[in-house]
Amino acid sequence: MNPLNHVAIIMDGNGRWGLKYKNSRNAGHKAGLNTVEKIIKETLKKKIKFLTLYAFSTENWKRPKKEINYLFNLLENFLLNRIEELNKQNIKLKIIGVKSFSSKLNNLLRKSEKKTSKNKRLQINLALNYGSKFEIINAFKNLNKNKEKISEKNLNKYLLTRNTPDPDLLIRTGDTKRLSNFLLWQLAYSEIFFEKKLWPEFNEKDYSKIINKFKKIKRNFGNI
Ligand code: IPE
Ligand code: IPE
Ligand code: MG
């Protein structure tokens, strides 16, 4: 049975779900938040140590302003309402991505990270304004600036995921098979599951099924 330390998820399909059932993409984003809660609960139950959630990419700024505003309002309310509870559950929240939002949201994100920084049970990396190509280029720039040798170990130090083991498992919901600029370096040897269900209809049972399949895979890492 494979050990499972880190699950990464591309939470895709909110907009399509919202349009299909509520005639509104934003309603899909709201519904998607319930799935986030379910998956966090199940991750705790399974004693997994790291969960990385792709919530907003550097490319998502191309979307209509109204949708972007809705998404960040949703996030703000989520943090305001849930950070105490996450903290009580010994969860550490880390934002990966550039915090270039409203000063109100930037402060709230910083405060939430600080409040939970000592927690040990589960680390949630929330990928927000995250782009993997930017992350890798930025890491090389840091190596260059500090005149450090280019090596895997040194590069890892400057990735936003430093101190996090690479994901063992990547799940993308929403019936699309691509990485969309997510953790290109870190996913080098991850097991990848593309799930047909849209994110708001994905549930803990679907998640457990994938994890059970993952556990039985023969992971070679180049060996035989
Ligand atoms: C993923 O759902 C969530 C974000 C990118 C914020 P989408 O909003 O991409 O949903 P679809 O793919 O359009 O259905
Ligand atoms: C990827 O979903 C980003 C997030 C889930 C946050 P997108 O829906 O933005 O991906 P593309 O643009 O269809 O590849
Ligand atoms: Mg999408």
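Preceding this paragraph is the structure being described.
Everything numeric here is computed off the predicted structure, so don't read it as measured data.

Draft legend 1. Region of the structure containing the packing of aromatic side chains. Going through the model one piece at a time under the given rule, you end up with 11 aromatic pairs. Measuring from centroid to centroid gives 4.9 Å for Phe56 and Trp61, while their planes differ by 75 degrees, and the two rings are edge-to-face. Residue Trp61 is classed as partly exposed on the basis of its relative accessible area, which comes to 37%. Seen from their ring centres, Phe56 and Phe72 are 4.9 Å apart, and the 55 degrees between their planes marks the pair as tilted. With a gap of 16 residues between them, Phe56 in strand β2 (residues 50-57) and Phe72 in helix α3 (residues 65-88) connect regions that are remote in the sequence. For Phe56, a relative accessible area of 1% gives the class buried.

Draft legend 2. Representation of the site of ligand 1 in the model. In the region of ligand 1, the neighbouring residues are Met11, Asp12, Gly13, Asn14, Gly15, Arg16, Arg25, His29, Ala55, Asn60, Arg63 and Leu71. Contact between ligand 1 and Gly15: an oxygen atom at 2.9 Å from a main-chain N or O atom of the residue. Residue Arg16 places a main-chain N or O atom 2.7 Å away from an oxygen atom belonging to ligand 1. Coverage of ligand 1 by the protein chains reaches 87% of its 380 Å² of free accessible surface. For the shell around ligand 1, the secondary-structure elements that each account for two or more residues are α1 (14-22) and α2 (25-45). Here the shell around ligand 1 gets three residues from one element, more than from any other, and that element is α1.

Draft legend 3. Structural view of the sheet that holds β2. Spatially, β3-β4-β2-β1-β5-β6 is the arrangement adopted by the six strands of the open sheet, whose pairing is parallel. Each edge of the sheet is formed by a strand with only one pairing partner; in this case those strands are β3 (91-96) and β6 (191-194). Here the average twist between neighbouring strands, direction ignored, is 20 degrees. The pairing of strand β5 (residues 169-172) with β6 spans four bridges and is classified as parallel. Among the inter-strand pairings, Leu170 is bridged to a residue of β6, identified as Ile192. Its contacts with the sheet place helix α4 (residues 103-115) against β3 and β4 (122-130), and it is angled at close to 140 degrees to β3.

Draft legend 4. Focus on unusual backbone geometry. Even without being a glycine, Asn181 presents a positive backbone phi close to 65 degrees. Along the polypeptide, Asn181 turns up in the loop between β5 and β6. What makes Asn181 buried here is its relative accessible area of 15%. Phi is positive for Phe221, which is not a glycine, with a value near 50 degrees. Tracing the sequence through the fold places Phe221 in the segment after α7 (204-216).

What counts, and at which threshold
- Residues numbered from 1 in each chain as written.
- Chains lettered and ligands numbered in written order.
- Predicted model: local features only at pLDDT ≥ 70, side-chain atom pairs only at ≥ 80, totals over all residues.
- Heavy atoms only, no water.
- Phe/Tyr/Trp six-rings, centres within 6.5 Å; stacked < 30°, edge-to-face > 60°.
- Buried < 20%, exposed > 50% of the residue type's maximum accessible area, 1.4 Å probe, protein only.
- Helix = DSSP H or I, 4+ residues; strand = E, 2+ residues; numbered from the N terminus.
- Near = heavy atom within 4 Å.
- Polar contact = N/O pair within 3.5 Å; in protein donor to acceptor, adjacent residues only side chain to side chain.
- Areas by Shrake-Rupley, 256 points an atom, 1.4 Å probe, with all protein chains shown as cover.
- Pairing = 2+ DSSP bridges.
- Axes fitted to C-alpha atoms, helices over the stretch in contact; angles between N-to-C directions.
- Contact = heavy atoms within 4.5 Å.

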